[in-house]
Amino acid sequence: MIKKNKPQILFFILLNLFFSLNAFSQKSVYAGIEIGRRAIKVSVVDVNNIRKADYKILYFATDRLDFAAHIAEKGELPQEDINKIGITVVDQLKKIKTDFKLLEENIFIVAAPVFAQARNIDLLKTKINTLTNKNLDVLNVNEEAKTLVKGAMPPVDFANAFLLDIGAQTTKGGYIDELEDDKLEFIPLELDFGTMTLTDAVKKTVVNPNQANDMATYQEKAFDFNPVLRKKVKALLDANPPLAKKNKIYLSGGAVWAFATLYYNDEIKDHYIPLTLEDVVNYDAILKNNFVKFTNQAKTNKEVARVLSTYDQQYLISANNILQTCLESIPNLQSKKVLFVKEGQVIWLISYIADRSKKVNTNF
């Protein structure tokens, strides 16, 4: 009887083995560990459709550790930092492997561009490889804008959108042109003002040092500085005529995160949050005339408190001046769709996944 049914038995054994293996390794689940300037961030995502940026964040964790300050001070990573990074990465790797069904090739470990300045970066790379049997990639500062665009904008929108990321030092981003033979060309965008650099530039126009931290004086000087900012933004747009034809504008960075959190003040689950220039203008009025509204909200709202612990009122005003100026300078803005990229922490990971997907053209 057994011999007679041997082919069927073998078939069912193989079939069960196939489903068992698939049950323990989900091809759509990816994990990324980012060793950043001031924290180690861990993300696990389940990707349904990478072309449409349709994914679900299954897990996110942050360990606050300030590595950038030590690199700036010593020119290298102290052994203590290398040890802390190794322990944290191993602990998090163990956790996500236990909690999620991950393929080894779907786990990526990267370090922020600032780590390239550490003369002993090879020690960290060796440490990570020894502990995890995985390579540590140091993100290239020259590729940062391209990584942002590929990870923040859904690939289906590559031809019809551009990205601006308002950071601390600069505002950067870019867009993608489709060439012949299915090739793509990345065009970077950069404005040499960010939240902190604009604040510093405005403060330098205050003649009396005793008024440097006076809010009324700062607001007056920030208003006077706006023509300089508008001129810079106009030059950026004029140098890139294709931007006028793009129908979608994706925005990321701390400035937009602060606006969306403080003004909309609700738990929006979508990865992309629509915003309007009218809302930005209304938010600007609150920032300058009724800031106590946000300080009161911070007493009961953890996300609002996190924004105010990251940026003071001057920084928030500068951040919104950049955001508002950029939007006001875009021709026919009312006919375009403006979206805040909410999940900034997974942008690099989504970019990595897109690079390895056969469904996305990354032929740059």
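Residues numbered from 1 in each chain as written. Predicted model: local features only at pLDDT ≥ 70, side-chain atom pairs only at ≥ 80, totals over all residues. Heavy atoms only, no water.

### Section: the overall build of the protein chain
In terms of helices and strands, the protein chain carries 13 helices and eleven strands. Summarising its shape, the C-alpha atoms of the protein chain cover approximately 95 × 50 × 45 Å along the three principal directions. In the protein chain, of all internal contacts separated by at least 6 residues, the share reaching a separation of at least 24 is 69%. A total accessible area of about 19200 Å² is found for the protein chain, and carbon and sulfur atoms account for 52% of it. Across the protein chain, the 47 positively charged side chains and the 43 negatively charged ones have centroids separated by 6 Å. (Helix = DSSP H or I, 4+ residues; strand = E, 2+ residues; numbered from the N terminus. Contact = heavy atoms within 4.5 Å. Areas by Shrake-Rupley, 256 points an atom, 1.4 Å probe, with all protein chains shown as cover. Lys, Arg positive; Asp, Glu negative; His and termini not counted. Charge placed at Lys NZ, Arg CZ, Asp CG, Glu CD.)

### Observations regarding the pattern of salt bridges
Enumeration over the complete set of coordinates arrives at twelve salt bridges. A salt bridge links E143 to K146; its shortest N-O distance comes to 3.6 Å. Through salt bridges with shared partners, a single ionic network connects K97, E104 and K134. (Salt bridge = Lys/Arg side-chain N within 4 Å of Asp/Glu carboxyl O.)

### Quick look at the environment of V307
Structurally, V307 can be placed in helix 11 (residues 302–310). A sequence separation of 45 residues divides V307 from L262, and the C-alpha atoms of the two residues are 7.8 Å apart. Sequence-distant contacts of V307, defined by excluding residues within four places in its chain, comprise W257, A258, T261, L262 and L316.

### What to know about the sheet that holds strand 7 (residues 171–178)
With mixed pairing, the six strands of this open sheet are ordered in space as 8-7-6-9-11-10. The open sheet has two free edges, formed respectively by strand 8 (184–191) and strand 10 (272–274), since each of these has just one partner strand. Sheet twist, expressed as the average angle between the axes of neighbouring strands with direction ignored, equals 25°. Two strands pair when backbone bridges link them, and strand 10 and strand 11 (residues 337–341) are joined in this way by three bridges, in the antiparallel orientation. The residue of strand 11 that forms the bridge with I273 is F340. (Pairing = 2+ DSSP bridges. Axes fitted to C-alpha atoms, helices over the stretch in contact; angles between N-to-C directions.)

### Side note on the pairing of strand 9 (residues 248–252)
In terms of residue burial, strand 9 counts as a mostly covered element, since four of its five residues are buried. As judged from the five bridges shared by strand 6 (residues 161–166) and strand 9, these two strands associate in the parallel manner. Bridge pairing in strand 9 places L163 opposite Y250. Relative to strand 11, strand 9 runs parallel, the two being bridged by four bridges. Along strand 11, the bridge assignment pairs K248 with K337. (Buried < 20%, exposed > 50% of the residue type's maximum accessible area, 1.4 Å probe, protein only.)

### Focus on the sheet that holds strand 4 (residues 107–111)
Within the open sheet, the five strands sit side by side as 3-2-1-4-5. Their pairing is mixed. Whereas interior strands pair on both sides, the edge strands pair on one side only; in this sheet they are strand 3 (54–64) and strand 5 (136–138). Averaged over all pairs of adjacent strands, the angle between their axes in this sheet comes to 20°, without regard to strand direction. Bridging between strand 1 (residues 29–35) and strand 2 (residues 39–49) involves seven bridges; their strand directions are antiparallel. Bridged to Y30 within strand 2 is V45. Strands in contact with helix 3 (residues 79–99) are strand 1, strand 2, strand 3 and strand 4; relative to strand 3, the strand with the most contacts, it is inclined by about 145°.

### Re the layout of surface pockets
Roughly 310 Å³ of volume is contained in the second largest pocket. Around the second largest pocket sit K27, S28, Y30, V47, N48, N49, I50, I353, R356, S357, K358 and K359, which together line it. Broken down by element, the residue count for the lining of the second largest pocket peaks at three residues, all from strand 2. Of the residues that constitute the lining of the second largest pocket, the class distribution is four nonpolar, four polar and four charged. (1 Å grid on protein atoms, 1.4 Å probe; cavity = no way out; pocket = protein on both sides within 12 Å on 5 of 7 lines; lining within 4 Å. Points joined across faces, edges and corners; volume = space filled by probe spheres on them. Nonpolar A, V, L, I, M, F, W, Y, C, P; charged D, E, K, R; others polar.)

### Side note on the nonpolar core
The biggest cluster of nonpolar side chains holds 52 residues, and the ones touching the most others in it are L251, L275, L316 and L327. Setting aside anything within four residues of it in sequence, one finds L251 in contact with L163, L164, V256, L275, L323, L327, V338, L339, F340 and V341. Within the second largest apolar cluster, 33 residues are counted, among which are A53, F158, W348 and I353. (Core = buried A, V, L, I, M, F, W, Y, C linked by side-chain atoms within 4.5 Å.)

### Some details on the packing of helix 6 (residues 195–203) against helix 12 (residues 313–329)
Two elements in contact, helix 6 and helix 12, have axes separated by 8 Å at closest approach and are oriented at 110°. Classified by the angle between their axes, helix 6 and helix 12 sit roughly perpendicular to one another. Contact residues: helix 6 offers T195, M196, L198, T199 and K203, while helix 12 offers Q314, Y315, S318, A319, N321 and I322. Looking at the contact of helix 6 with helix 12 residue by residue, the classes come out as five nonpolar, five polar and one charged. (Parallel < 35°, antiparallel > 145°, perpendicular 65-115°, else oblique.)

### Points about the pairing of strand 6
In terms of burial, strand 6 is largely enclosed, as six of its six residues are buried. Adjacent in sequence and paired antiparallel, strand 6 and strand 7 are bridged by four residues.

### Considering unusual backbone geometry
Phi angles above zero are rare outside glycine, and A53 is one such case at about 55°. Its place among the elements puts A53 in the loop between strand 2 and strand 3. The phi dihedral of N332 falls on the positive side, at around 55°, and the residue is not glycine.

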